[in-house]
Amino acid sequence: MVNVTLCGANGKMGRVCTDLISGRDDCQVISGVDLVTERNSDFPVFANISQLPQKPDVIIDFTHPSGLNALLDYCISTGTPAVIATTGFSSEQIEQIKKASEQVPIFFSFNMSLGINLLASLAKSAAKVLGGQFDIEILEKHHNQKIDAPSGTAIMLADAINETLDNKYHYVYDRHSQRMKREKYEIGMHSVRGGTIVGEHDIFFAGRDEVITLSHSAASKEVFAVGAVNAAVFLAKKQPGLYDMSSMLSEG
Ligand SMILES: NC(=O)c1ccc[n+]([C@@H]2O[C@H](COP(=O)([O-])OP(=O)(O)OC[C@H]3O[C@@H](n4cnc5c(N)ncnc54)[C@H](O)[C@@H]3O)[C@@H](O)[C@H]2O)c1
């Protein structure tokens, strides 16, 4: 049985993870950390990670970039692995996460859904064949509460494609401000915001008289929770290092 501490236990993703873990028999939540501690749970919730009375086998973090220092300090000082699912980190913070992974196991992904990670891998395969010949555009759609655009996942997909194509491409976010034809080595990034859309991503490879579209649609937040909880069970047994969904998929 893997003992989990949920950082962000009282947030939207924290609650979905709690419900999901309660139905599994390979892991259990022993504690939570959240700025909001009032809600009733089957486990105690602490305002600060340093207050945890018992070291967990693994931490799942769905909070906010402002909590990163406290999280990494705890993980390093106690040797606790962490699944970091929070998004919106600065490049300096991402470096901090990478550095910490030299001392403790860390699983880090902008998108915990298995389907999105498969989409990234399919997009890389398509880019190997079509890159330089087909125009590449990414369209993402999210609910009307989302603040950032384009989504971290859209950037992750564009980066996956660009790495495959020797980072020759640049990203174009706004065609409104310029009147000119698209360039060959650009990836157009487009965002739609509305209603309660959980998350949709389409990658278009548009060639002469043919278009290939790779699509993923998330119907609920549970897809991210499933990925994060699977990652936690996977990570609890690992040596220090930086892990992501591809590490988990390659081990079957
Ligand atoms: N990687 C993925 O697949 C994925 C999927 C969904 C959401 N996310 C990310 O997870 C994060 C949380 O998403 P959410 O929808 O649950 O948000 P939310 O606002 O509903 O929940 C965040 C919770 O974290 C708590 N919190 C904030 N700062 C904290 C801190 N410093 N210490 C302790 N607790 C703190 C808040 O009180 C809140 O309860 C966001 O960054 C979101 O983008 C990632």
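Residues numbered from 1 in each chain as written. Predicted model: local features only at pLDDT ≥ 70, side-chain atom pairs only at ≥ 80, totals over all residues. Heavy atoms only, no water.

*Asks:* Mind showing me how you'd approach the packing of aromatic side chains here?
*Replies:* Think of a pair of aromatic rings as described by two things: how far the centres are apart, and how the planes are tilted against each other in angle. One pass over the structure, following the stated rule, counts five aromatic pairs. For the pair phenylalanine 234 and tyrosine 243, a centre-to-centre distance of 5.9 Å together with 80° between the ring planes defines the contact as edge-to-face. The class of phenylalanine 234 is buried, set by a relative accessible area of 9%. The exposure class of tyrosine 243 is buried, given its relative accessible area of 15%. (Phe/Tyr/Trp six-rings, centres within 6.5 Å; stacked < 30°, edge-to-face > 60°. Buried < 20%, exposed > 50% of the residue type's maximum accessible area, 1.4 Å probe, protein only.)

*Asks:* How do you make sense of the domain arrangement of the chain when you look at a structure like this?
*Replies:* Size of an interface, as often reported, equals the accessible area lost when the parts are brought together. By domain assignment, the chain separates into domain 1 (2-108 + 221-250) and domain 2 (114-218). The C-alpha centroid of domain 2 is placed 29 Å from the C-alpha centroid of domain 1. Listed by partner, the interface residues are five residues for domain 1 and four residues for domain 2. Carbon and sulfur atoms make up 77% of the surface buried where domain 1 meets domain 2, a total of about 440 Å² over both sides. Among the residues of domain 1 in contact with domain 2, Phe224, Met245 and Leu249 are the three that bury the most area, contributing 65% of the side total. The tally of links between domain 1 and domain 2 comes to zero salt bridges. At the junction of domain 1 and domain 2, the tally comes to zero residue pairs in polar contact (both at pLDDT 80 or more). (Domains from an automatic or database assignment. Contact = heavy atoms within 4.5 Å. Buried area = accessible area lost by both parts, 1.4 Å probe. Salt bridge = Lys/Arg side-chain N within 4 Å of Asp/Glu carboxyl O. Polar contact = N/O pair within 3.5 Å; in protein donor to acceptor, adjacent residues only side chain to side chain.)

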